[in-house]
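This is what each chain is made of:
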Amino acid sequence: PPPPTPPPPGTITVTNEEMEQIERLEALVAPMGLDRTAVLEAWLACDKNEELAANYLLNNAADILESRGEPPPPSLPPPRPQ
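Each value, and the rule that gives it
- Residues numbered from 1 in each chain as written.
- Predicted model: local features only at pLDDT ≥ 70, side-chain atom pairs only at ≥ 80, totals over all residues.
- Heavy atoms only, no water.
- Core = buried A, V, L, I, M, F, W, Y, C linked by side-chain atoms within 4.5 Å.
- Buried < 20%, exposed > 50% of the residue type's maximum accessible area, 1.4 Å probe, protein only.
- Helix = DSSP H or I, 4+ residues; strand = E, 2+ residues; numbered from the N terminus.
- Contact = heavy atoms within 4.5 Å.
- Axes fitted to C-alpha atoms, helices over the stretch in contact; angles between N-to-C directions.
- Parallel < 35°, antiparallel > 145°, perpendicular 65-115°, else oblique.
- Left-handed = near helix turned anticlockwise from the far one by under 90°.
- Nonpolar A, V, L, I, M, F, W, Y, C, P; charged D, E, K, R; others polar.
- Salt bridge = Lys/Arg side-chain N within 4 Å of Asp/Glu carboxyl O.

### Notes on the nonpolar core
Thinking step 1. Ranked by internal contacts, the top residues of the largest apolar core, which has 16 residues, are Leu-25, Val-29, Leu-34, Val-39, Ala-53 and Leu-57.
Thinking step 2. By residue number, the principal contributor to this core is helix H3 (residues 50-67), which donates 6 residues.
Thinking step 3. Non-local contacts of Ala-53, meaning those with residues more than four positions away in its chain, are made with Leu-25, Ala-42, Trp-43 and Cys-46.

Structure representation (structure tokens):
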């Protein structure tokens, strides 16, 4: 049989356990307006450490949203001054 086709550029492959971590992080931060892209960026930047990624996302949600040109939900404190 031919060799498997590699995933398209920009695609990451995760284990079932890693997918569960990503989904838990998404559920945690979705009410704040953060999406899967923000979750994946934080999770990868934190070397796939779910707890570190959660802390980063919770502490920086307003800044992340502001950097994307999105207003933070009213429940979030305003972004920190630069």
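Further notes follow.
### Remarks on the packing of helix H1 (residues 16-29) against H3
Thinking step 1. Close contact between H1 and H3 brings their axes to 10 Å; oriented N to C, the two are set at 20 degrees. Taken together, H1 and H3 sit at an angle that is classed as roughly parallel. Relative to H3, the crossing made by H1 is right-handed. Within the contact between the two elements, H1 uses Gln-21, Arg-24, Leu-25, Leu-28 and Val-29 and H3 uses Glu-50, Ala-53, Ala-54, Leu-57 and Leu-58.
Thinking step 2. Each residue belonging to the contact of H1 with H3 can be placed in one class, and the counts come to 7 nonpolar, 1 polar and 2 charged.

### A short note on unusual backbone geometry
Thinking step 1. Non-glycine residue Asp-47 carries a positive phi angle of around 55 degrees.
Thinking step 2. Relative to the helices and strands, Asp-47 is located in the loop between helix H2 (36-45) and H3.
Thinking step 3. A positive phi angle is found at Lys-48, which is not glycine, with a value near 65 degrees.
Thinking step 4. Relative to the assigned elements, Lys-48 resides in the loop between H2 and H3.

### Quick notes on the pattern of salt bridges
Thinking step 1. If you walk through the whole model with that rule in mind, you get 5 salt bridges.
Thinking step 2. In this structure, Glu-18 and Lys-48 form a salt bridge, with 3.4 Å as the shortest nitrogen-oxygen distance. Of this pair, Glu-18 sits in helix H1 while Lys-48 sits in the loop between H2 and H3, and the two are 30 residues apart along the sequence.
Thinking step 3. Owing to a relative accessible area of 16%, Glu-18 belongs among the buried residues under this scheme.
Thinking step 4. Among the salt bridges present, the one from Glu-26 reaches Arg-36, with a minimum N-O distance of 2.8 Å.

### Focus on the packing of H1 against H2
Thinking step 1. Remark: H1 packs on H2, axes separated minimally by 9 Å, with the N-to-C direction vectors making an angle of 125 degrees. Between H1 and H2, the angle falls in the class oblique. Like other packed secondary-structure pairs, H1 and H2 cross with a definite hand, here right-handed. Contacts from Glu-18, Met-19, Gln-21, Ile-22, Glu-23, Leu-25, Glu-26 and Val-29 in H1 reach Arg-36, Val-39, Leu-40 and Trp-43 in H2.
Thinking step 2. Grouping the constituent residues of the contact of H1 with H2 by class yields 7 nonpolar, 1 polar and 4 charged.

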